Amino acid sequence: VEWKGDWEGAVKRLPDGWSAEMRIPWGILNYPQSKTAIRMGLNFQRFQLRTHLLSMWSNIGAQGFYEQEGTWTDVQVPQEAFRSKLSLLPYLLPGLSAHGQSLGMGLDARYTITPELTAVGSVHPDFATVEAAIQSVQFSHTEQFVQERRPFFLEGRDFFNPSMKINDIGSFFYSNRIPTFDVGEKLYGKLTPTDTLGFLHTTDWGHRTDVVARYQHDHSETARSGLMLMHKSEIGDNNTVGLFDHHTRWGKAGFETWWSLTSGDNAGGNAKAFSMTYEDKLVSSAVQYYDLTDNFKVSDGYLPFNQFHGFVFATNWSNEWRSGFWRSFQFSVLPLYWKHNDGSPYLEGPQGGITFDTRSDWRFELDFTNMKFEGQRDTNVGFEIHSG
């Protein structure tokens, strides 16, 4: 996860503006190996701090349609630029306290198999030396999400979780559920230009074992499918989760779904979700349906809302102006209509907000919530003004 900044750059002022030139070595990039010429995506962007304007050479739009990026054709990637590399990082940590002496030791390893496929391992990691994430003290109806800070779990984390584009109800794999382990291995990256893999295995000897595996195949630039398997083995909590997800988009309209099954102690249910989206230049909207049975259990996941079924409607409208007093605005509204599986009310009502930014760095923000949770109405309105 360290930044590899082995590149050179130079900038020059010209009568009509400025120019920039960079030289980036192949050795610090992730690229597919090929003996024949290939086609690669290419784009450049510039953020101007004075005006807070983002410009792109090939505009992919506010919605991030990456198939609209530029293309670099007939690229002959160098065969000698990459070499498989093994990195080892041992540690020794002696300690002295009122309880006596202690000695900790362990080893971290990292092996780059290909430019796009990496294996990492850890023996007796010392997570006590990693700064912990601070949990908010703000009131919440559910368990709060805490950001992961441990390097072993941070590497390749994007290869382990499916998610929907507009809204989601949590994470199927929440690495904070694994407090520590004695031995851990991870493999992540691209097997081919269209196939990705994430595999993780940890063992706390005599206590528990966790396995997470996810495979994804890109059918096209706008369609992909994935399979995921998770297993936790611990006395009193054996849990297995299988999941299939599919994401596709035709122009501005998209469809996403996932379907999951669980088995093990106090488990055996299923969950499913369906989402229809429409993403225009200024407006994006989604209609989503969730259905989680009462005995759907994901021991290594973060699903703060469970045992319910219902709809989510989401709309976001935003715009940006390149000149004038106003710089940008954004309006969003998200009504939810969720019920317990016995038909009783669970979580219902709208929430949203509107934000305006001026060219002189002032922000005016209005937020509102009018939700009924377990029959209790919560109504909140907040107004904020920011400068700078």
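See the structure shown above.
About the cut-offs
Residues numbered from 1 in each chain as written. Predicted model: local features only at pLDDT ≥ 70, side-chain atom pairs only at ≥ 80, totals over all residues. Heavy atoms only, no water. Helix = DSSP H or I, 4+ residues; strand = E, 2+ residues; numbered from the N terminus. Contact = heavy atoms within 4.5 Å. Lys, Arg positive; Asp, Glu negative; His and termini not counted. Charge placed at Lys NZ, Arg CZ, Asp CG, Glu CD. Core = buried A, V, L, I, M, F, W, Y, C linked by side-chain atoms within 4.5 Å. Buried < 20%, exposed > 50% of the residue type's maximum accessible area, 1.4 Å probe, protein only. Pairing = 2+ DSSP bridges. Phe/Tyr/Trp six-rings, centres within 6.5 Å; stacked < 30°, edge-to-face > 60°. Lys NZ or Arg CZ within 6 Å of the ring centre and 35° of its normal. 1 Å grid on protein atoms, 1.4 Å probe; cavity = no way out; pocket = protein on both sides within 12 Å on 5 of 7 lines; lining within 4 Å. Points joined across faces, edges and corners; volume = space filled by probe spheres on them. Nonpolar A, V, L, I, M, F, W, Y, C, P; charged D, E, K, R; others polar. Salt bridge = Lys/Arg side-chain N within 4 Å of Asp/Glu carboxyl O. Patch = residues over 30% accessible without salt bridge, like charges linked within 9 Å, V, L, I, M, F, W, Y side chains within 5 Å. Areas by Shrake-Rupley, 256 points an atom, 1.4 Å probe, with all protein chains shown as cover.

## Structural notes on the overall build of the protein chain
- Per the secondary structure count, the protein chain includes one helix and 22 strands.
- For the protein chain, long-range pairs separated by at least 24 residues make up 49% of all intrachain contacts whose partners lie at least 6 apart in sequence.
- Charge-centre separation for the protein chain: the mean point of 34 positive side chains lies 6 Å from the mean point of 45 negative side chains.

## Observations concerning the side chain of Ser175
- By secondary structure assignment, the location of Ser175 is in the loop between helix H1 (151-154) and strand E10 (183-192).
- Leaving out residues up to four positions away in the same chain, Ser175 has contacts with Glu148, Arg150 and Phe153.

## Points about the nonpolar core
- Residues Trp258, Tyr290 and Trp338 are the most contacted members of the largest nonpolar core, which totals 37 residues.
- Apart from residues lying up to four places away in sequence, Trp258 is in contact with Met164, Asp168, Ile169, Phe172, Leu243, Phe244, Asp245, Ala271, Lys272, Ala273 and Tyr290.
- Counting six residues, the second largest nonpolar core, distinct from the first, contains Tyr31, Ile38, Val77 and Phe82.

## What about the pairing of strand E13 (residues 223-234)?
- Examined bridge by bridge, strand E12 (residues 208-220) and E13 share twelve bridges and lie antiparallel to one another. Its bridge partner lying in E13, Thr209 is registered against Ser233.
- Between the end of E12 and the start of E13, which pair antiparallel, lie two residues.
- Examined bridge by bridge, E13 and strand E14 (residues 239-250) share ten bridges and lie antiparallel to one another. Within E14, the residue paired with Ala223 across the bridge is Thr248.
- What sits between E13 and E14 in their antiparallel hairpin is a turn of four residues, with Gly236 showing a positive phi close to 90°.

## Digging into the packing of aromatic side chains
- The tally for this structure, following the rule as stated, stands at 31 aromatic pairs.
- Measuring from centroid to centroid gives 5.8 Å for Phe159 and Tyr188, while their planes differ by 40°, and the two rings are tilted. Here Tyr188 lies in strand E10 and Phe159 lies in the loop between H1 and E10, a separation of 29 residues in the sequence.
- On the basis of relative accessibility, which here comes to 9%, the residue Tyr188 falls in the buried class.
- Measuring from centroid to centroid gives 5.0 Å for Tyr289 and Phe311, while their planes differ by 50°, and the two rings are tilted. In this pair, Tyr289 is assigned in strand E17 (residues 283-292) and Phe311 in strand E18 (residues 308-320), connecting sequence segments 22 residues apart.
- Pairwise contacts between aromatic rings join Phe172, Trp258, Tyr290, Phe296, Phe305, Phe308, Trp338, Tyr346 and Phe373 into one cluster.
- Its end group placed over the ring of Phe127, Arg150 keeps NZ or CZ at 4.9 Å from the ring centre.
- The ring of Phe65 has Arg249 sitting right over it, with the charged end atom 3.8 Å from the ring centre.

## What about empty space enclosed by the protein?
- Tallied over the entire structure, the rule returns one cavity of 30 Å³ or more.
- Here the largest cavity is characterised by a volume of approximately 30 Å³.
- Elements with a minimum of two residues in the lining of the largest cavity: E13 and E14.
- Considering every element that reaches the lining of the largest cavity, the biggest residue donor is E13, with three residues.
- A per-class count over the lining of the largest cavity returns two nonpolar, three polar and two charged.

## Description of the pattern of salt bridges
- Following the criterion strictly, the structure yields 18 salt bridges and no others.
- Between Lys297 and Asp237 there is a salt bridge whose closest N-O contact spans 3.1 Å. Note that Lys297 is positioned in the loop between E17 and E18 and Asp237 in the loop between E13 and E14, a separation of 60 residues in sequence.
- For Lys297, a relative accessible area of 22% translates into the label partly exposed.

## A look at the environment of Arg50
- Secondary-structure assignment places Arg50 in the loop between strand E4 (45-48) and strand E5 (53-56).
- It is 9.4 Å that separates the C-alpha atoms of Arg50 and Arg359, two residues lying 309 residues apart in sequence.

## Some words on a nonpolar patch on the surface
- A surface patch of nonpolar side chains, amounting to about 500 Å² of accessible area, comprises Leu86, Leu88, Leu107, Tyr111, Ile113 and Val123.
- Those elements giving two or more residues to the nonpolar patch turn out to be strand E7 (85-97) and strand E8 (100-114).
- Note on placement: Tyr111 falls in strand E8.

## A few points about the environment of Phe65
- Looking at where Phe65 falls in the secondary structure, it is placed in the loop between E5 and strand E6 (70-75).
- For Phe65, the contacting residues outside a window of four places in its chain are Ile60, Arg249, Gly251 and Glu279.

## Focus: the environment of Phe311
- Residue class for Phe311 comes out partly exposed when judged on its relative accessible area of 38%.
- Taking C-alpha positions, Phe311 is 9.1 Å from Asp291, a pair spaced 20 residues apart along the chain.
- Excluding its chain neighbours within four sequence positions, the residues that come into contact with Phe311 are Val287, Gln288, Tyr289, Pro335, Leu336, Tyr337 and Trp338.

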